[in-house]
Amino acid sequence: MPVDLEIVSPEKLLLSKPVDMVVIPGAEGEMGVLPLHAPMIVLLRGGEIRLYSGTNVTERLYVSGGFAEVTPERVTVLANEATPLAEVSRAEGERRLAAAEAEYAAADRMDVPALDAAQDRMQSARAMVELAQAA
Amino acid sequence: MPSLKDLRNRINSVKSTQKITSAMKMVAAAKLRRAQSQAEAARPYAQRMERMLAALAASAAGSPTAPRALVGTGRDQVHLLIPVTADRGLAGAFNSNVSRMTRNSIRRLEGEGKTVKILAVGRKGRDFLKREFSANLIGDVTYAGRKSINFTDAQEIGTRVTTMLMAGEFDVATVIYNQFHSVITQVPTEMQLIPMKLPEAKVEDAAAGAHAIYEFEPDEETILAHLLPQNLAIQLYRALLENAAGFYGSQMSAMDNATRNAGDMIKRLSQNYNRARQANITRELIEIISGAEAV
């Protein structure tokens, strides 16, 4: 019994297909989701989504962050962007990393939410650079 | 009685107006299709977000540390209005409906002794409100010259609103936009963004069941802190898209009417022209015949 995976961006439905397993980059670590998983709502960090058919990876996508809703029969990923790994651009990642670092440096040290947001963006950009390098 | 030449000139000018309006109608129809499919494509995300939000919000709304974006500041003194209009006109009452609704809201709120701030999205609404309420206008966003809007635009407005909320610059935020019902009907609508209004039935559902079922990682409040600004951007994105689709729909029907009116006018003018021409011929004939008889 496969699990139905949906990846949705605000602009369109990016992907919808049944998979045997999907690995999503949760904020507290990667998690693999098999059918009949306990219902969860998970915050995502920037990282890689891997789709499995049996034990083989069929597709790898980069997401910059977002949310995932897991129920026993489906996984819904709400992501601002999801790009196939082959199309991830290292230059774009580095540009974003530089922007996020500048933002972090410029932020008020007492403004914790702004620092956190900048840190999230740095992490997401770093993941993008690393994945682009690996691909 | 206008001369034949005058009539001919007028017919020609109305004809060229008609050409323009019918071309504009075609263009609006094509753009409407694109705007509609964009709005359609945005729907799945909004629906899923709403589902997640319902599960989360019900559990967090009661807690004293509930995020501001969900419950507001607890006061009702400073209102932020966000009227969304188009950047261009020639679309019937489309822009003025929203502007007028905004004006009524401002008057009502000020009558109640509240402070009103306006963040105008779209050039037409800004220009309208500037005349009367320039003191209340705190900012504006326009997309003049842009082909289409994307989610980043909505996010920018969302960030602006969130920053203002965190700084305590307003208590209640409402967006006023044209809801797209069909090509010929767009209904100006007020939608309260902050504090967030959850549909009643859903709150009960979520309180009864969903919360008990879902696990949250890392925890409800962290997720909410990320989800709420996103939701705000999504709501604004929806308003922007509906505005775009509604604008083209409204422009299309306005141009359709204009084309038809021009057609009627051409018909009437041609009739006058033909009458005048025949009267001239008859008069000339009478002159010739009476001239011939006199000889």
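Undergrad: Even after reading the chapter, I still don't get the overall build of chain A, so can you show me in this structure?
TA: The helix and strand inventory of chain A stands at 2 helices and 10 strands. Ordered by position in the sequence, the α and β elements of chain A form the string β-β-β-β-β-β-β-β-β-β-α-α. For a compact globule of 135 residues, the expected C-alpha radius of gyration is about 14 Å, and chain A comes in at 16 Å, within 12% of that figure. When burial is assessed residue by residue, chain A has 46% of its 135 residues classed as buried. Sequence-distant contacts, at least 24 apart, represent 50% of the contacts inside chain A between residues at least 6 apart.

Undergrad: Got a minute to help me understand the nonpolar core in this structure?
TA: Nonpolar side chains tend to gather and get buried jointly when the protein is soluble and globular. All names here are of chain B. Of all hydrophobic cores here, the largest spans 54 residues; its most connected members are Ile82, Ile157, Val161, Phe170 and Leu193. For this core, the element with the most residues is helix H7 (residues 220–294), which contributes 12 residues. Apart from the residues lying within four places of it in its own chain, the contact partners of Ile82 are Leu119, Val121, Val161, Thr174, Val175, Ile176, Leu193 and Leu236.

Undergrad: Can you walk me through the pairing of strand S3 (residues 21–26) of chain A in this structure?
TA: Side chains on a regular strand alternate between the two faces of the sheet. All names here are of chain A. Of all 6 residues making up S3, 5 are buried, and the element is well covered by its neighbours. Two elements, S3 and strand S4 (residues 29–33), share 5 bridges in a ladder whose sense is antiparallel. Residue Pro25 lies in a different strand from S4, and its bridge partner there is Glu30. Where S3 folds back on S4, the antiparallel hairpin that results is connected by 2 residues.

Undergrad: Whenever I open this one, the interface of chain A and chain B confuses me. Can you help?
TA: By a widely used convention, the size of an interface equals the accessible area lost when the partners come together. Between chain A and chain B, the residue contacts involve 27 residues of the former and 26 residues of the latter. Summing both partners gives a buried area of about 2,300 Å² for chain A against chain B, and 63% of it is carried by carbon and sulfur. Our count for the contact surface shared by chain A and chain B stands at 2 salt bridges. Applying the counting rule to chain A against chain B returns 10 residue pairs in polar contact (both at pLDDT 80 or more). Mapped onto the side of chain A that touches chain B, the elements with two or more residues apiece are strand S1 (3–8), strand S5 (40–44), strand S8 (66–70) and strand S9 (74–79) of chain A. Within the side of chain A that touches chain B, the residues separate by chemical class into 16 nonpolar, 4 polar and 7 charged. Both S5(A) and strand S6 (residues 215–217) of chain B contribute to a ladder of 3 bridges, which runs parallel. Of the residues in S6(B), the one forming a bridge with A:Ile41 is B:Phe216.

Undergrad: Even after reading the chapter, I still don't get the sheet that holds strand S1 (residues 78–83) of chain B, so can you show me in this structure?
TA: By way of backbone hydrogen bonds, the strands of a sheet pair with one another, either parallel or antiparallel. Residues and elements named next belong to chain B. On the basis of which strands lie adjacent, the open sheet formed by 5 strands has the order S3-S2-S1-S4-S5 and mixed pairing. The open sheet is flanked by strand S3 (137–141) and strand S5 (186–194), the only strands paired with a single partner. Sheet twist, expressed as the mean angle between neighbouring strand axes with direction ignored, is 20°. As paired strands, S1 and strand S2 (residues 115–121) are joined by 4 bridges and run parallel to one another. By the bridge assignment, Val78 is partnered in S2 with Thr115. Relative to S5, helix H3 (residues 94–111) is tilted by about 45°, and along the sheet it contacts S1, S2, strand S4 (172–180) and S5. This element, H7, spans S1, S2, S4 and S5 of the sheet and lies at about 35° to S4.

Undergrad: Can you help me understand the domain arrangement of chain A in this one?
TA: Residue and element names in this part refer to chain A. For chain A, the domain assignment lists domain 1 (3–85) and domain 2 (89–134). Each of domain 1 and domain 2 has a C-alpha centre, and these two points are 22 Å apart. If you look at the interface, domain 1 gives 8 residues, while domain 2 gives 7 residues. Summed over both partners, the interface of domain 1 with domain 2 comes to about 600 Å²; 53% of that surface belongs to carbon and sulfur atoms. Our count for the contact surface shared by domain 1 and domain 2 stands at 1 salt bridge. Here Glu81 ties to Arg96 by a salt bridge, and the two come within 2.5 Å at their closest N and O atoms. Scanning the region where domain 1 abuts domain 2 turns up 4 residue pairs in polar contact (both at pLDDT 80 or more). Taken together, the residues of the side of domain 1 that touches domain 2 break down into 2 nonpolar, 3 polar and 3 charged.

Undergrad: Explain the pattern of salt bridges here, please?
TA: Opposite charge on two side chains permits pairing when their charged atoms draw close. Enumeration over the complete set of coordinates arrives at 24 salt bridges over all chains. B:Glu40 is the partner of B:Arg43 in a salt bridge, and the nearest nitrogen-oxygen pair spans 3.7 Å. Of this pair, B:Arg43 and B:Glu40 both sit in helix H1 (residues 4–61), separated by 3 residues, roughly a single helical turn. On the accessibility criterion, B:Arg43 (42% relative accessible area) is partly exposed. For B:Arg107, the salt bridge identified is with B:Glu132, shortest N-O distance 2.3 Å. One end of the pair, B:Arg107, is in helix H3; the other, B:Glu132, is in helix H4 (residues 123–133), with 25 residues separating them in the sequence. Classification of B:Arg107 by relative accessible area gives partly exposed; the value is 45%. The class of B:Glu132 is partly exposed, set by a relative accessible area of 39%. Each member of the salt-bridge network shares a partner with another, and the members are A:Glu30, A:Glu48, A:Arg50 and A:Arg60.

The rules behind these values
- Residues numbered from 1 in each chain as written.
- Chains lettered and ligands numbered in written order.
- Predicted model: local features only at pLDDT ≥ 70, side-chain atom pairs only at ≥ 80, totals over all residues.
- Heavy atoms only, no water.
- Helix = DSSP H or I, 4+ residues; strand = E, 2+ residues; numbered from the N terminus.
- Rg over C-alpha atoms; globule rule 2.2 N^0.38 Å.
- Buried < 20%, exposed > 50% of the residue type's maximum accessible area, 1.4 Å probe, protein only.
- Contact = heavy atoms within 4.5 Å.
- Core = buried A, V, L, I, M, F, W, Y, C linked by side-chain atoms within 4.5 Å.
- Pairing = 2+ DSSP bridges.
- Buried area = accessible area lost by both parts, 1.4 Å probe.
- Salt bridge = Lys/Arg side-chain N within 4 Å of Asp/Glu carboxyl O.
- Polar contact = N/O pair within 3.5 Å; in protein donor to acceptor, adjacent residues only side chain to side chain.
- Nonpolar A, V, L, I, M, F, W, Y, C, P; charged D, E, K, R; others polar.
- Axes fitted to C-alpha atoms, helices over the stretch in contact; angles between N-to-C directions.
- Domains from an automatic or database assignment.

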